[in-house]
Amino acid sequence: MDRLLFGIALGIISALVWPLLPANSYGLASGFVGILIFSRYRFCGAVLFGVCWSIFFFNQQLFWLKDQNIHLPAMQELTITVENVVAHADQQQIQASVQVINHHTYWPAPHIRLKLPDKSRAVKRGDQLHVWARLKIPHGLGNPAGFNTERWLLGQGVTATGNAKQYQVMYQADHSWRDQWLMKSRQLMQGFRQPELLMALIYGEQQDVDKTDWQTLRDTGLIHLIAISGMHIGLIAWIGVALSRLLFRRFTDKVPALHGLVGMALAVLYSALADFSAPTVRSLCMLVIWMGLRIWQREWSVSRIWMASLACLLFLDPWSLFSAGFWLSFIAVAILGIAGFLWRKPSLWQVQCLMTLLLIPVQLMFFDGLSLSSILVNLPAGPWFTFSIVPVALVSGLLVPILPPLARFGFWLCDLQLDWLMSALTWIQARCSGWITLSLQQQQLVLWLLMSFIFWYFFRINKQREWGLLLLGGSGFLLNACQSEPEWRVDMLDVGQGLSVLVTQHDRALLFDTGDAFPGGYNMADAAIFPMLEYRGSQQLDYLFVSHRDKDHAANWQRIHQQYPQARIISSSPLTTDTLICQRGQYWSWGRLQLTLLSPLQSSGGEVNEDSCVLRISDGEHSVLLTGDVERDAEAELTHLPNQLLRSQILSSPHHGSKSSSSAGFIAAVAPQYVVHSAGYQNKWHHPNSVVLARYAHTKQWITAMDGMVSFEFDQKGINIQPFRHFQPWYRQMDAWLVGDQPLK
């Protein structure tokens, strides 16, 4: 049975790496072949059943996007039911299920995220709205480092996002019992120092927790203790069993399963209070299986219970595949089982060390970094939470409608301890940052060291050291092959509607333009530029070019200069007293590269597009031309330059591919082999313009909105070109499926 459960789970999990999502006909073929071979090859048949189910599930869930032509920027008329609300300073963001879209209904009901423009009219869970909105597929920045928006949205089952232009409240729901419970809890916490953390710890209400607190908890490796997990569900069930034994001892003979049922009922109640969030459902599923086996007097191994829970949850909700929390929780439980296998009675130190080591690949996959202080901080903090904070918090949360004064006292005790904890963590972080972001090479090195340790330990206890040495040598050879670096690299970053180009050679970097920033605090420096500098292992930024003052090019220059004060700023605008103003003829030698400014002849202050700095980068054989937002007049000036000075293999298209730029004469003078249009997804200016795309018809073109970051690597062998999304799984390349009949690819 274990092999069958693992086979089904493996078949569903394979959807994470599919290069395309096949049509339903392939699902039918997979299922049919699975039936044919099942009697003889049961494991392979189970894998094919899992693949079949994944194909049907994802096609059914995504069908409405294609049916409604969501790839076209048109207004959609929706009838929705609000499922969750997050209030921001200037807007409300809701998650909702769609009952009707453009007079069509779909099953299952699609789930979407919308930004509502009017915060004065507050909406709540259960309200039904009539909305006019522009929708788009789950789409985020396409860079190898930084937040993976597509994975995060799909992990919540969200298949579209959008902005509501206007809406009407069709039905106003009453406050649910959960809303009333939470409101009463917030009232009891008035005047506390850490009420937001308390609400997150008890009820999973994380939206109000300050970003700085989340950063502190992540950097010190304690964020998993605040998030609702299996520990919460297990403690609640244990409390329920203990209460049942205390209060209903006399009924045990008549109803042998009474204590287990009471514990289960309390766990379900608590899961409802936590809004049946994904972590609670995962833990509840495992608890139901375990409790059911106890009631029916069946004996399953821990590994079988774990495997059954995994297969069950993946079958019921394959979107869980994309949730980082799903993998962290299941792998953490598996590690506890491994600890029990390695040591009969593992100590807290052994469990913590093993947990830290084996969670390293998952942390690198999802977060591109590691918490260095996690072991030392978790050793005292883990038992503190397990035996003090969490039990008192959970019991207090359940006492809110019954004994409010006692609940408030329990909340006060937990708030006091959380405040002590956060003060201690802030003190620790101020003296040594617990979090380290790793470059790609460093990640490969860490994984090799981890593999080396596992090989050494496994073959040492099996007394087969020669095999361990052979595998270590092989893995070291593979690591060396993976770490071959180009002589220099140009990354045309995906920064939405804007421009930012990162040029690196070894550990030195040059940045041309900084992308945009937005009122809510979201900016391309934190979202794309800093993560990519760390990912490339760039320890120093030597040059910061800011082509002109338009905010989609210059919004983050201060943020970047603050982080890299040694960078020399060159711009068409006097950003600082030390800024070097762009002017044709300026020249620098940077490592093996030559940097030449070709425009403007004379800057008028950097306020207009024609003031844009135009930079040519060359190693004598290969060349790149970065143009900012220059338009026809500046392009005409550039065409008078000698051919050998202007011609470039790679071109960043002027003004994001606007039809006011990329004149035929300019394109002919540059004669690029490759051109990249840096533009936002479904941007309102329709960049790059179709007329401009036609002008570059004989040139290989990429659009960052569709292709993600485009990387050009230069070495003695030539140019290696890597459009990021082309090497990603299907869920990061959904546009191809939406605009045609081909599968997702």
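Fair warning: this is a prediction, and the values are worked out from it, not measured in the lab.

**Q** Quick rundown of the overall build of the protein? Include the residues and the values.
**A** Counting its regular elements, the protein contains 28 helices and 22 strands. Summarising its shape, the C-alpha atoms of the protein cover approximately 100 × 70 × 60 Å along the three principal directions. Burial analysis of the protein (745 residues in total) assigns 52% to the buried set. Carbon and sulfur atoms make up 60% of the accessible area of the protein, which totals about 35,100 Å².

**Q** Lay out helix α1 (residues 2-13) in plain terms, naming residues and giving numbers.
**A** Across its 12 residues, α1 extends 16 Å between first and last C-alpha, which sits within 8% of the 16 Å expected from 1.5 Å per residue. Every buried residue of α1 is accounted for by L5, G7, A9, G11 and I12. In this structure, the buried residues of α1 make contact with α3 (42-67) and α12 (302-316).

**Q** Got a sec to walk through the nonpolar core? Specific residues and values, please.
**A** Inside soluble globular proteins, nonpolar side chains tend to come together where they are buried. Counting residues in hydrophobic clusters, the biggest one holds 72 residues, and the most contacted among them are L78, I80 and I94. If we skip the residues at most four places from it in the chain, L78 touches V98, V100, I101, I112, L114, L129, H130, V131, A133 and L135. In terms of nonpolar packing, the next biggest core, distinct from the first, is built from 50 residues, A200, L266, V377 and L399 among them.

**Q** Please set out the sheet that holds strand β19 (residues 674-677) residue by residue, giving values where relevant.
**A** Taken together, the 7 strands give an open sheet; going across it, the order is β14-β15-β16-β17-β18-β19-β20, and neighbouring strands pair in mixed fashion. Each having just a single partner strand, β14 (587-590) and β20 (700-703) make up the two edges of the open sheet. When strand polarity is set aside, the average angle formed by the axes of neighbouring strands in this sheet is 20°. Here 3 bridges tie strand β17 (residues 623-626) to strand β18 (residues 650-652), and the two strands are oriented parallel to one another. Directly across from L625, in β18, lies its bridge partner L651.

**Q** Quick one: what's the story with the layout of surface pockets, residue by residue and with numbers?
**A** In this structure, the second largest pocket occupies an estimated 480 Å³ of space. Along the wall of the second largest pocket there are 19 residues; nearest its centre are V85, V123, K124, D179 and R186. Of all the elements in the fold, those that place two or more residues in the lining of the second largest pocket are β1 (75-87) and α5 (177-188). Sort the elements by how many residues they give to the lining of the second largest pocket and α5 lands first, with 5 residues. For the lining of the second largest pocket, the class distribution of residues is 7 nonpolar, 4 polar and 8 charged.

**Q** Account for the pattern of salt bridges, naming residues and giving values.
**A** All told, the structure shown has 16 salt bridges when counted by the stated rule. Of the charged contacts, one joins E150 and R725 as a salt bridge, the two residues approaching to 2.8 Å between their closest N and O atoms. With a gap of 575 residues between them, E150 in helix α4 (residues 149-155) and R725 in the loop between β22 (718-723) and α28 (735-738) connect regions that are remote in the sequence. For E150, a relative accessible area of 1% puts it in the buried group. The closest approach of N and O atoms between E485 and R489, which form a salt bridge, is 3.7 Å. Look at R489 and you get buried, because its relative accessible area is 5%.

**Q** Which residues make up unusual backbone geometry, and what values go with them?
**A** The amide bond that connects W107 to the next residue, P108, takes the cis arrangement and shows omega of -5°. With respect to the helices, strands and loops of the structure, P108 is situated in the loop between β2 (92-101) and β3 (111-116). Going from H687 to P688, the amide bond is cis rather than trans, its omega being -10°. Position of P688 among the secondary structure elements: in the loop between β19 and α26 (690-695).

**Q** Lay out helix α14 (residues 348-358) with the relevant residues and their values.
**A** Here α14 has its buried residues at V351, Q352, C353, L354, M355 and T356. The secondary structure elements touched by the buried residues of α14 are α13 (324-342), α15 (360-367) and α16 (374-399).

**Q** Which residues make up the pairing of β22, and what are the values?
**A** When strand β21 (residues 710-715) meets β22, the two strands line up antiparallel, connected through 6 bridges. Of the residues in β22, the one forming a bridge with D715 is G718. Hairpin connection, β21 to β22: the antiparallel pair is bridged by 2 residues.

Calculation rules
- The written sequence of each chain sets the order in which its residues are numbered from 1.
- Local features in this predicted model are restricted to residues whose pLDDT is 70 or higher, and side-chain atom pairs enter the listing and the counts only when it is 80 or higher, whereas totals over whole chains, interfaces and linings include all residues.
- As a rule here, side-chain values cover all heavy atoms of the structure and leave hydrogens and water aside.
- Helix and strand definitions follow DSSP, with helices as H or I runs of at least four residues and strands as E runs of at least two, each counted in order from the N terminus.
- In this scheme, a residue with accessible area under 20% of its type's maximum is buried, one over 50% is exposed, and one in between is partly exposed, where area comes from a 1.4 Å probe on protein chains only.
- Computed with a 1.4 Å probe, the accessible areas rest on the Shrake-Rupley method; for each residue, only the protein chains presented here act as cover.
- Take the number of residues in a helix, subtract one, and multiply by 1.5 Å to get its expected span.
- Contact criterion: two residues are considered in contact whenever any of their non-hydrogen atoms come within 4.5 Å of each other.
- Definition used in this section: a nonpolar core is a set of buried Ala, Val, Leu, Ile, Met, Phe, Trp, Tyr and Cys residues joined via side-chain atoms within 4.5 Å.
- DSSP-based pairing: two strands are paired if at least 2 bridges between them are found.
- Only C-alpha atoms enter the line fits that serve as axes; for helices the fit covers just the stretch in contact. Angles between N-to-C directions range over 0 to 180 degrees.
- With a 1 Å grid spanning the protein atoms alone, the term cavity applies to any set of points in which a 1.4 Å probe fits but cannot get out, the term pocket to an open set with protein on both sides within 12 Å along at least five of seven lines, and the term lining residue to any residue with an atom within 4 Å of a point.
- Grid points are joined across faces, edges and corners, and a volume is the space filled by probe spheres set on the points.
- Only Asp, Glu, Lys and Arg are considered charged in this grouping, and only Ala, Val, Leu, Ile, Met, Phe, Trp, Tyr, Cys and Pro are considered nonpolar; every other residue, Gly among them, is considered polar.
- The salt bridge criterion pairs a side-chain nitrogen of Lys or Arg with a carboxyl oxygen of Asp or Glu, the two atoms within 4 Å.

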